[in-house]
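One letter stands for each residue in the lines below.
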Amino acid sequence: MSKFITFEGMDGAGKSTHLAWFADQLRQRGLEVVVTREPGGTPLGEQLREMLLNQPMSMGTEALLMFAARMEHVEEVIKPALRAGKWVISDRFSDASFAYQGAGRGMDWGKLAQLEQWVHADLQPDLTLFFDVPVEVARERLSNNVSLDRFEQEQGEFFERVRSGYHQRIREIPQRYAVIDAAQPMADVKHQLEKIIASI
Ligand code: TYD
């Protein structure tokens, strides 16, 4: 049976590196895996991503464009792949909108819940891996990047709010999440992921 798995965490948590490895592990077990990302995942979504990461805009516009890109992604990529029996792993999904636009920027949580209902009322991830790290650790990892996007340029307090936004989502629907302690060395994180793979 196909599964929809999402990876979440704040910038610098290391989720993208682990996602590639995780997808390989599933493929080695004979599964057909589609790896995708948000914002993005479709030609239109990638154009919206370019704007979202680089162009200043109001918080409402930001939230609407995130969900516009998501609508396209859900209809054109995620649902067709799941229907075809494939596994889908997305680097971020709606939890990121609650964490970044909601908790980070201050966008009303209820409005985001309405958009979520509109865009994917009948679809939620089967499992979300949340890569959790203290903000200082994430900031330190990002400091090696040469160019930072509009979100990565935010200050520490913004990321404290983002992290607590993720924790709030996890409290609302705990059974959907696996929380990974991503402050640990890479080998230990892999060990945690191996256990999750064995369980699914
Ligand atoms: P990210 O996965 O961090 O891309 P990269 O690893 O290439 O830097 O995602 C880009 C940014 O988009 C990230 O800072 C979080 C932000 N974002 C939101 O603010 N809301 C959303 O709904 C999504 C999907 C992403």
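Residues numbered from 1 in each chain as written. Predicted model: local features only at pLDDT ≥ 70, side-chain atom pairs only at ≥ 80, totals over all residues. Heavy atoms only, no water.

**Here's the deal with the sheet that holds strand S2 (residues 33-37)**
- Pairing in this open sheet of five strands is parallel, and the strands run S2-S3-S1-S4-S5 from one edge to the other. Each having just a single partner strand, S2 and strand S5 (177-181) make up the two edges of the open sheet. Across the sheet, the mean angle separating the axes of adjacent strands is 20° when strand polarity is ignored.
- Strand contacts of helix H1 (residues 15-28): strand S1 (4-9), S2, strand S3 (87-91) and strand S4 (127-132), with the helix running at about 170° to S3, the strand carrying the most contacts.
- On the sheet, helix H3 (residues 59-83) packs against S1, S2 and S3 and is oriented at approximately 160° with respect to S2. (Pairing = 2+ DSSP bridges. Helix = DSSP H or I, 4+ residues; strand = E, 2+ residues; numbered from the N terminus. Axes fitted to C-alpha atoms, helices over the stretch in contact; angles between N-to-C directions. Contact = heavy atoms within 4.5 Å.)

**Describing the side chain of Thr-6**
- In this fold, Thr-6 is placed in strand S1.
- The residues contacting Thr-6, other than those within four sequence positions of it, are Ser-90, Phe-93, Pro-125, Leu-127, Thr-128 and Leu-129.

**Details of the packing of H3 against helix H4 (residues 94-104)**
- Interhelical geometry of H3 versus H4 gives an angle of 175° and a closest axis separation of 11 Å. In this view, H3 runs roughly antiparallel relative to H4, as classed from their interaxial angle. Where H3 approaches H4, its residues Glu-62, Ala-63, Met-66, Phe-67 and Arg-70 are matched on the opposing element by Ser-94, Ser-97 and Gln-101. (Parallel < 35°, antiparallel > 145°, perpendicular 65-115°, else oblique.)

**Observations regarding the packing of aromatic side chains**
- Under the definition given, this model contains nine aromatic pairs.
- Aromatic pair Tyr-100 and Phe-151: ring centres 5.9 Å apart, planes at 90°, arrangement edge-to-face. Of this pair, Tyr-100 sits in helix H4 while Phe-151 sits in the loop between helix H6 (135-142) and helix H7 (156-172), and the two are 51 residues apart along the sequence.
- The buried category is assigned to Tyr-100, whose relative accessible area is 5%.
- A ring pair is formed by Tyr-100 and Tyr-166, whose centres lie 6.5 Å apart and whose planes are at 85°; its orientation type is edge-to-face. Of this pair, Tyr-100 sits in helix H4 while Tyr-166 sits in helix H7, and the two are 66 residues apart along the sequence.
- By relative accessible area, which is 2% here, Tyr-166 ends up buried.
- Within the aromatic cluster, the residues linked to one another by ring pairs are Tyr-100, Phe-130, Phe-151, Phe-158, Phe-159 and Tyr-166.
- The residue whose ring lies beneath Arg-70 is Phe-67, and the NZ or CZ to ring-centre distance is 4.6 Å.
- A cation sits over an aromatic face here: Arg-150 above Phe-151, 5.2 Å from the ring centre. (Phe/Tyr/Trp six-rings, centres within 6.5 Å; stacked < 30°, edge-to-face > 60°. Buried < 20%, exposed > 50% of the residue type's maximum accessible area, 1.4 Å probe, protein only. Lys NZ or Arg CZ within 6 Å of the ring centre and 35° of its normal.)

**A few points about the site of the ligand**
- Near the ligand lie 18 residues; those nearest to it are Asp-11, Lys-15, Arg-92, Ser-97 and Gln-101.
- At 2.5 Å, a side-chain N or O of Ser-97 approaches an oxygen atom of the ligand.
- Here an oxygen atom of the ligand sits 3.2 Å away from a polar atom, N or O, in the side chain of Glu-152.
- In isolation the ligand offers 550 Å² of accessible surface; the protein chains occlude 87% of this area.
- At the level of elements, H1, helix H2 (43-54), H3 and H4 are the ones that each hand at least two residues to the shell around the ligand.
- When residues in the shell around the ligand are grouped by element, the largest group, four residues, is from H4.
- Of the residues contributing to the shell around the ligand, the split by class is six nonpolar, three polar and nine charged. (Near = heavy atom within 4 Å. Polar contact = N/O pair within 3.5 Å; in protein donor to acceptor, adjacent residues only side chain to side chain. Areas by Shrake-Rupley, 256 points an atom, 1.4 Å probe, with all protein chains shown as cover. Nonpolar A, V, L, I, M, F, W, Y, C, P; charged D, E, K, R; others polar.)

**As for the environment of Leu-115**
- Within the fold, Leu-115 resides in helix H5 (residues 109-120).
- For the pair Leu-115 and Ser-94, spaced 21 residues apart in the sequence, the C-alpha separation amounts to 9.6 Å.

**Some words on the pattern of salt bridges**
- For the structure shown, the criterion picks out 14 salt bridges.
- Among the ionic pairs, Arg-37 bridges to Glu-46, the shortest N-O distance being 2.7 Å.
- Under the relative-accessibility criterion, Arg-37 is labelled partly exposed at 34%.
- With a relative accessible area of 28%, Glu-46 lands in the partly exposed category.
- Arg-105 is paired through a salt bridge with Glu-62; the nearest N and O atoms lie 3.0 Å apart. With Arg-105 in the loop between H4 and H5 and Glu-62 in helix H3, this pair connects stretches of sequence that are 43 residues apart.
- When its relative accessible area of 1% is taken as the criterion, Glu-62 is described as buried.
- When salt bridges with common partners are traced through the structure, they connect Glu-62, Arg-105, Arg-150 and Glu-154 into a single cluster. (Salt bridge = Lys/Arg side-chain N within 4 Å of Asp/Glu carboxyl O.)

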